[in-house]
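An overview of the molecular structure
Letter by letter, the chains look like this.
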Amino acid sequence: MKKHITIIGAPMDLGQSRRGVDMGPSAIRYAGVVERLEMLDYEIQDKGDIQIGRPGKDEETSAGSNLKYLQAVSNASQKLAEAVDEVVKKGSFPLVFGGDHSIAIGTLAGISKHYQNLGVIWYDAHGDLNTGETSPSGNIHGMPLAVSLGIGHPDLITIAGYTEKIKPENIVIIGARSLDDGEKILIREKGIKVYTMHEIDRLGMTKVMEDAIAYLKNKTDGVHLSLDLDGLDPSDAPGVGTPVLGGISYRESHLAMEILEESKMITSAEFVEVNPILDEKNKTAEVAVALMGSLFGEKLL
C-alpha cells in the first residue's frame with residue numbers, strides 16, 4: 001500500500017512585518033515537492049491553500065491588545081485547524097506549508113485533539129514563546145508555541161474549542177539562538193527542553209537528535225515537526241524574514257531529518273517562513289523540499 005500525505009498551504013503573512021511569506025506555499029510547490037515525494041512512493045493529495053483574507057490597515061491593531069492582525073490570524077488559525085483535523089481523521093499525514101510561523105497555532109490545534117500526549121520538535125532559531133506582554137513587536141509569529149501551551153490571548157488559545165494543545169514536557173526546541181528575556185523566563189519556569197546552537201556545536205547533531213528522540217519516545221503518542229527555515233544558517237536558507245547568523249547547516253539539517261525518519265515517530269509536519277521575495281532563485285524553497293525528501297525516506301543509496 002502507498003503511504004498517504006495530504007498537503008495544505010497556509011499563505012499567511014500577517015503574523016510578522018515583512019511581506020512576501022504568503023507566497024511560501026507556492027514557492028515550495030514550484031520547487032517540486034509533489035514530484036519528489038511521489039518518487040518516494042507516497043500518494044499525495046494537495047488540497048491547495050486555505051483562504052486568508054486581506055484585512056484593512058485599520059484592522060492591524062485590536063482594542064486592548066498590541067497583537068497585530070489578531071482577528072485575521074485567529075480566523076485563519078481556525079480554518080487551518082479544521083482543515084488539518086479532517087486530514088488526521090482520514091488517516092493521512094498532514095504536511096502544512098507556510099506562511100509565517102503563526103500558522104502553527106492552527107496546525108497544532110487541528111492535530112493535538114487526536115492525541116493524548118502530542119510531542120513537538122520545534123526546529124527554529126527562535127523560541128516563539130512570547131506573549132502580548134513580553135513581545136517586543138506584537139508579531140504573532142513569535143507566539144505560536146506559547147499559544148499552544150495555553151498561554152496568550154483568549155482569541156488564540158481557544159482555537160478549535162480547547163486550550164492546552166501541548167504540554168511543556170513534550171516539547172523539544174532545536175537550533176535556538178535568539179531568545180527574548182520573557183521567553184527565557186518561560187522556558188525555565190516550564191522546564192522546556194532546548195538545544196541551542198551551543199549544544200549542537202558541542203555535542204553534534206547526531207547526539208542532539210538521539211537525545212531528543214529518547215526524551216520524547218516513551219511519553220508521547222505522536223510527534224509533530226514544526227520546521228522554521230530560519231533554523232538553518234542564512235547562507236543556506238536566505239529567504240526568511242528573521243534570519244539569525246550562526247545557524248544549523250544544510251548538511252546537519254539533512255542528518256536531523258534522516259534520524260527522525262529512522263525513528264518513525266513523526267506523525268505530522270509543517271515547513272514555514274519561506275519568503276521568495278527575500279530569497280535567491282528559490283533557494284530556500286528548494287532547501288525545504290530537499291529536507292522533506294530526507295524526512296520522508298530519501299536515501300543516497
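Scope of this entry: the structure provided in the associated data block. If you're wondering where the values come from, they're calculated on a predicted model, not measured in any experiment.

Cut-offs and rules
- Residues numbered from 1 in each chain as written.
- Predicted model: local features only at pLDDT ≥ 70, side-chain atom pairs only at ≥ 80, totals over all residues.
- Heavy atoms only, no water.
- Helix = DSSP H or I, 4+ residues; strand = E, 2+ residues; numbered from the N terminus.
- Rg over C-alpha atoms; globule rule 2.2 N^0.38 Å.
- Buried < 20%, exposed > 50% of the residue type's maximum accessible area, 1.4 Å probe, protein only.
- Contact = heavy atoms within 4.5 Å.
- Areas by Shrake-Rupley, 256 points an atom, 1.4 Å probe, with all protein chains shown as cover.
- Lys, Arg positive; Asp, Glu negative; His and termini not counted.
- Charge placed at Lys NZ, Arg CZ, Asp CG, Glu CD.
- 1 Å grid on protein atoms, 1.4 Å probe; cavity = no way out; pocket = protein on both sides within 12 Å on 5 of 7 lines; lining within 4 Å.
- Points joined across faces, edges and corners; volume = space filled by probe spheres on them.
- Nonpolar A, V, L, I, M, F, W, Y, C, P; charged D, E, K, R; others polar.
- Pairing = 2+ DSSP bridges.

1. Observations concerning the overall build of the protein
- A count of helical and extended segments in the protein gives 11 helices and eight strands.
- For 301 residues, the compact-globule formula gives about 19 Å, and the C-alpha radius of gyration of the protein, at 17 Å, lands near that figure.
- Counting only C-alpha atoms, the protein reaches 55 × 40 × 40 Å along its principal axes.
- Here the protein, with 301 residues, has 59% of them falling under the buried criterion.
- Taking contacts inside the protein between residues at least 6 apart in sequence as the whole, the part at least 24 apart equals 76%.
- Roughly 12300 Å² of accessible area belongs to the protein as shown, and the carbon and sulfur atoms make up 50% of that amount.
- Charged side chains in the protein number 30 positive and 44 negative. The centres of these two groups are separated by 3 Å.

2. Some thoughts on the layout of surface pockets
- In this structure, the largest pocket spans a volume of roughly 400 Å³.
- Lining the largest pocket are 20 residues, and of these Tyr42, Phe93, Ile266, Thr267 and Phe296 sit closest to its centre.
- Counting residues per element, the ones that place at least two in the lining of the largest pocket are β1 (3–10), β3 (93–98), α10 (250–263) and β8 (266–272).
- For the lining of the largest pocket, the class distribution of residues is 12 nonpolar, five polar and three charged.
- Computed from the structure, the second largest pocket encloses a volume of approximately 240 Å³.

3. Describing the pairing of strand β4 (residues 118–123)
- Counting buried positions along β4 gives six out of six residues, so the element sits mostly inside the fold.
- Because side chains alternate across β4, one face comprises the buried residues Leu118, Val120 and Trp122, and the other comprises Gly119, Ile121 and Tyr123, equally buried.
- Taken together, the six bridges between β4 and strand β7 (residues 222–228) define a ladder with parallel strand orientation. The residue bridging Ile121 from the neighbouring strand is Leu225, located in β7.
- One ladder, built from four bridges, connects β4 with strand β5 (residues 171–176); its direction is parallel. Looking at β5, one finds that Ile121 is bridged to Val172.

Read these as geometric descriptors, not functional statements.
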